[in-house]
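# Structural description and commentary
Listed here are the chains, written in short residue letters.
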Amino acid sequence: MSWRSIDIPITELCIDTVLRSGQSFRWKRSGPLEYSCAIHGRIITLKQDPTKLYYRAIFPPAVNNESTASVPIPLISRTASDLEEFELQETQRFLRHYLNLEPNLGELYAQWSEKDKNFAKKAPKFHGVRILKQDAWETLVGFICSSCNNIKRISQMMDKLCANYGPLIGHIGDVPYYDMPSPAALVNPRVETHLRELGFGYRAAYLFQTAQMISREEDGWLDSLRNPENPVFGHKASPAGQMLPEGREGYRNAHAALVELQGVGAKVADCVCLFGLGWGEAVPVDTHVWQIAQRDYGFGRGKHKSLTKATYDAVANYFRQLWGKEAGWAHSVLFTADLKTFAEKAAANIVKSEEILDSVKAETNDNTATVSIKEETIVHDNGNADNFALGVSDIIARTSSIQDEIKHEPEEDIMNSNTAEGKDENAVLKREISEVAAHIMSNKRTANGHVKQERIDVKTELVERVVKRRRSDRLRR
DNA sequence: GGTAGACCTTG
DNA sequence: AAGGTCTAC
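Per an unreviewed UniProt entry, chain A goes by DNA-(apurinic or apyrimidinic site) lyase and derives from Gomphillus americanus. Listed under Sequence similarities (unreviewed entry) in UniProt, the entry text for chain A is "Belongs to the type-1 OGG1 family." Turning to chain A, the UniProt record has this under Catalytic activity (unreviewed entry): "2'-deoxyribonucleotide-(2'-deoxyribose 5'-phosphate)-2'-deoxyribonucleotide-DNA = a 3'-end 2'-deoxyribonucleotide-(2,3-dehydro-2,3-deoxyribose 5'-phosphate)-DNA + a 5'-end 5'-phospho-2'-deoxyribonucleoside-DNA + H(+)".

Here is the structure:
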């Protein structure tokens, strides 16, 4: 079974981010940098390098019964290689749809950056954040499970749901892969109890009731709520209505219909609209987005003091008028930037430099050199781990101006020398500054759970480290 | 129209 | 505590 590829820069699609950022919950790591999922009746495996996305697919054994075949098998397929060729091509078409490769992310990022300074500041570290075109039912189930929950457990719940009620598609190694069960597979009254036993908690009732409500509707009811510009895979797009600041008619209609389901409120409905129904203007406002709105966009004062229904609409509408038609896409970039896993990742390279510096520090004890740098105190009133990473980037951005302020005695002027070591100094200094920031900026939780960030004095810490390192450098010669 | 609890588990 | 929803003041 061979790999095929699609040419796409990692800045246009970063699967390591997109597949783990919480819009889909069924992709699993199946290798060092591989992700696999039983989807659309087959197991698809993905990996990528900076310029290409690689994919392959495992299909279930051929079945003669047409009604159970999830993929139409062409009559002309005779040999095994003909069939594999067809399967791979069909898989590529599906992936282009599912991964939503049509929109140009670079252009969109540029537009949002122009409209929004905060976006311009944060987005560069989180490129390739693209909205998937997922199955609406799968999206609905995933986000019903998401309340007061985390990505890890949501994924685990989806896994159990599929393993217990979905069709087995195949194996990778000894790991079985199951596709999503249909709503009809969950209508048996025993399902609710069973789901509780499987650890779904109060969400078991929501899932069971929602499955029932959807089963009672006509086939395709959920998909009838889709954005006509983004139809089901294999169907043709039809022209969509005009954009209004609050969202198009079709979007509001879809949202209103979804909220009727059990366990589906405004937030879950917006997630389904955005990730599962192709409505780019849907902006889910969850606790994270609410934090962002308060921290970076001035919400939380005067009128919208807490996240009520009215506040929800105000925040979502604000982002729609700020970012435009694909506001939900921009929202997801900032959301990802705020997720702990990714914010920490952004700071990972800083941790590396700490190890390097530690080995240098151990060798020095001298204190004779003096260094003065510009008085620079960076203050953040509040902030979480993500804010922390951005704080670091702030400091890195100021590196050059700080460097200009650094003067050192004695005699040797490493920075201005033309030696290779001298040039190295700038790079090392940059690392030190970011490392210092990472070291000093400690987050603390207060009694009420609020995260506060301490004041940072870059100067004191940085001076100390630079002095020590230079001392050490000299000792080596 | 906003606030307070309850709802279930598990990382 | 964790990506909410529902119900009753």
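So that's the structure; there's more coming.
Turning to the overall build of chain A, a few remarks are in order. Helix and strand counts for chain A stand at 19 helices and 13 strands. Residues counted as buried form 48% of the 477 residues belonging to chain A. Of the contacts formed within chain A by residues at least 6 apart in sequence, a portion of 70% connects residues at least 24 apart. Surface summary for chain A: the accessible area is close to 23500 Å², and the carbon and sulfur share equals 51%.

So, about the environment of Phe319. With respect to the helices, strands and loops of the structure, Phe319 is situated in helix 12 (residues 309-323). Remark: the alpha-carbon pair of Phe319 and Ala282, spanning 37 residues in sequence, is separated by 9.8 Å. Not counting residues within four places of it along the chain, the set of residues in contact with Phe319 comprises Val283, Val289, Ala293, Tyr297, Gly324 and Ala327.

All residues adjacent to DNA strand B are Lys152, Arg153, Gln156, Arg196, Gly201, Tyr202, Arg203, Lys303, Ser306, Thr308 and Ala310. Atoms of DNA strand B within 4 Å of the protein belong to the sugar or the phosphate in 74% of instances, the rest to bases. One of the side-chain N or O atoms of Arg153 is found 2.8 Å from a base oxygen in DNA strand B. Looking at the surface near DNA strand B, the element that brings in the most residues is helix 6 (residues 151-165), giving 3 residues. Here the surface near DNA strand B is composed, by residue class, of 2 nonpolar, 4 polar and 5 charged.

With that out of the way, let us pick up the protein's contact with DNA strand C. Close to DNA strand C lie 22 residues, the nearest being Gly22, Asn149, Gly265, Asp286 and Phe335. Taken together, the sugar and phosphate atoms account for 56% of what DNA strand C places within 4 Å of the protein. At a separation of 3.0 Å, a base oxygen of DNA strand C approaches a polar backbone atom of Ser21. Residue contributions to the surface near DNA strand C peak at 3 residues, all from helix 10 (residues 266-276). Taken together, the residues that form the surface near DNA strand C break down as 10 nonpolar, 10 polar and 2 charged.

In this section: the side chain of Arg320. In this structure, Arg320 sits in helix 12. A distance of 2.8 Å separates the side chain of Arg320 from the backbone oxygen of Glu281, its partner in a polar contact. Residues contacting Arg320, with those up to four places away along its chain left out, are Pro245, Glu246, Gly247, Tyr251, Glu281, Ala282, Val283 and Ala327.

The next subject is the packing of aromatic side chains. Aromatic ring pairs are reported here in terms of the distance separating the ring centres and the angle at which the planes meet. Taken as a whole and assessed by the stated rule, the structure comprises 16 aromatic pairs. With a centroid separation of 5.7 Å and 25 degrees between ring planes, the pair formed by Phe94 and Tyr98 is classed as stacked. You can see Phe94 and its partner Tyr98 sitting in helix 2 (residues 80-98), 4 residues apart, about one turn around the helix. The exposure classification of Phe94 matches that of Tyr98, with both residues buried.

Next up on the list: the sheet that holds strand 1 (residues 4-7). The 5 strands lie next to each other as 1-5-4-3-2, forming an open sheet whose pairing is antiparallel. Since the sheet does not close on itself, it has two edges, and those belong to strand 1 and strand 2 (28-31), each with one partner. Direction aside, the axes of adjacent strands within the sheet are offset by 35 degrees on average. For strand 3 (residues 34-39) and strand 4 (residues 42-48), the ladder comprises 5 bridges, and the chain directions are antiparallel. Across the sheet, Ala38 pairs through a bridge with Ile43, a residue of strand 4.

It is worth spelling out the packing of helix 12 against helix 13 (residues 327-338) at this point. Following both chains from N to C, one finds helix 12 and helix 13 inclined at 105 degrees, their axes separated by 9 Å at the closest point. The angle between helix 12 and helix 13 places the two elements in the roughly perpendicular class. In this structure, helix 12 contributes Phe319, Arg320 and Trp323 to the contact, and helix 13 contributes Ala327, Ala330, His331 and Leu334. Along the lines of polarity and charge, the residues of the contact of helix 12 with helix 13 split into 5 nonpolar, 1 polar and 1 charged.

This next bit is on the pattern of salt bridges. Using the criterion set out here, one finds 18 salt bridges in the structure. Note that Asp179 and Arg26 form a salt bridge whose closest N and O atoms lie 3.4 Å from each other. Of this pair, Asp179 sits in the loop between strand 7 (175-178) and helix 7 (190-197) while Arg26 is found in the loop between helix 1 (15-18) and strand 2, placing the two residues 153 residues apart along the sequence. We classify Asp179 as buried; its relative accessible area is 11%. One salt bridge connects Lys325 with Glu229, and the closest N-O pair in it is separated by 3.2 Å. Taken together, the positions of Lys325 in the loop between helix 12 and helix 13 and Glu229 in the loop between helix 8 (203-216) and helix 9 (249-259) put the pair 96 residues apart, joining distant regions of the chain. Judged by relative accessible area, Lys325 falls into the partly exposed class, the value being 32%. Since its relative accessible area comes to 32%, Glu229 is described here as partly exposed. Where salt bridges share partners, they join Lys122, Arg295, Asp296 and Asp338 into one cluster.

What counts as what
Residues numbered from 1 in each chain as written. Chains lettered and ligands numbered in written order. Predicted model: local features only at pLDDT ≥ 70, side-chain atom pairs only at ≥ 80, totals over all residues. Heavy atoms only, no water. UniProt positions renumbered as here; feature names shortened; annotations may be inferred. Helix = DSSP H or I, 4+ residues; strand = E, 2+ residues; numbered from the N terminus. Buried < 20%, exposed > 50% of the residue type's maximum accessible area, 1.4 Å probe, protein only. Contact = heavy atoms within 4.5 Å. Areas by Shrake-Rupley, 256 points an atom, 1.4 Å probe, with all protein chains shown as cover. Near = heavy atom within 4 Å. Polar contact = N/O pair within 3.5 Å; in protein donor to acceptor, adjacent residues only side chain to side chain. Nonpolar A, V, L, I, M, F, W, Y, C, P; charged D, E, K, R; others polar. Phe/Tyr/Trp six-rings, centres within 6.5 Å; stacked < 30°, edge-to-face > 60°. Pairing = 2+ DSSP bridges. Axes fitted to C-alpha atoms, helices over the stretch in contact; angles between N-to-C directions. Parallel < 35°, antiparallel > 145°, perpendicular 65-115°, else oblique. Salt bridge = Lys/Arg side-chain N within 4 Å of Asp/Glu carboxyl O.

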